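So the chains spell out like this:
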Amino acid sequence: MTIPDPPSTVVFDLGNVLVGWDPRGPFAGVAERAEVDEFFREVDFPAFNRLQDAGRPWAEARREVAQRLPHRAWLVDRYVSHFALALTGPVPGTEHVLRALGRSGTRLLGLTNFSAETYHHAPVAAPAIGLLEAVVVSGREGVAKPDREIYDLLIERFRLDPPRTVFVDDSPANVAAARAAGLIGLHFTDSEGLVRDLVALGVGGVEHLLPAP
């Protein structure tokens, strides 16, 4: 019986895996929570933000909001100009996982849904992103997860062997799409659970991060 080789590459999502993201952060102290919630409902924020992740320029998004909801345009301006406040800092524990994987020789990459115009804030908020060899940013590519195209792009660009590549994401839909593309998909909830999953897959170098029994 042939024992399969353990994974050699781990690909990380960024938002709420390596760096915390709270889209209400930019509005703290300048808009009531109810007003922000209403704005998010009016524009269908998940769909609105997905268009940004897929490459829509913020200037175009603002024009559309100004035409339909002129009283809300300032909220778009605020979100973009103070986007750094939407990033809440490193997700606890994940930098330790990255460093341990790197020391063991595991290849580290990133695949994130992020506007190309605001991505530069991410490595500042979570310096561990700098430990990654490279990051595929959806806004730069014009396609976002869970679209199959972005996974195929990742695999081709970095010449990955999908059965030996782990993909970590906090979105079940993105994990399912990664699995459909042939990758080993792991649903992220916290760093301890991630370590347990990696150890179970035979990924070395992180065993010491498990809590003592």
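Residues numbered from 1 in each chain as written. Predicted model: local features only at pLDDT ≥ 70, side-chain atom pairs only at ≥ 80, totals over all residues. Heavy atoms only, no water.

1. Remarks on the layout of surface pockets
By volume, the largest pocket amounts to about 530 Å³. Those elements that place two or more of their residues in the lining of the largest pocket are helix H2 (45-53) and helix H9 (172-180). The element best represented in the lining of the largest pocket is H2, accounting for five residues. Tallied by class, the residues present in the lining of the largest pocket amount to nine nonpolar, nine polar and six charged. (1 Å grid on protein atoms, 1.4 Å probe; cavity = no way out; pocket = protein on both sides within 12 Å on 5 of 7 lines; lining within 4 Å. Points joined across faces, edges and corners; volume = space filled by probe spheres on them. Helix = DSSP H or I, 4+ residues; strand = E, 2+ residues; numbered from the N terminus. Nonpolar A, V, L, I, M, F, W, Y, C, P; charged D, E, K, R; others polar.)

2. Brief notes about the pattern of salt bridges
Throughout the structure, instances matching the rule amount to 14 salt bridges. We note a salt bridge from Glu64 to Arg56, for which the minimum N-O separation is 2.9 Å. Assessed through its relative accessible area of 9%, Arg56 is described here as buried. One salt bridge in this structure joins Arg99 and Glu95, with 2.9 Å as the shortest N-O distance. Pair noted here: Arg99 and Glu95 are both in helix H5 (residues 94-103), with a separation of four residues, about one helical turn. Residue Arg99 is classed as partly exposed on the basis of its relative accessible area of 41%. (Salt bridge = Lys/Arg side-chain N within 4 Å of Asp/Glu carboxyl O. Buried < 20%, exposed > 50% of the residue type's maximum accessible area, 1.4 Å probe, protein only.)

3. Quick look at the sheet that holds strand S6 (residues 165-169)
Spatially, S5-S4-S1-S6-S7 is the arrangement adopted by the five strands of the open sheet, whose pairing is parallel. Two strands in the sheet have a free side with no partner beyond their single neighbour: strand S5 (135-137) and strand S7 (184-187). Going across the sheet, the axis of each strand differs from the next one's by a mean of 20°, ignoring polarity. Pairing of strand S1 (residues 9-12) with S6, which is carried by four bridges, proceeds in the parallel orientation. Paired with Val10 across the two strands is Val166, which belongs to S6. (Pairing = 2+ DSSP bridges. Axes fitted to C-alpha atoms, helices over the stretch in contact; angles between N-to-C directions.)

Shape is all these values report; function is a separate question.
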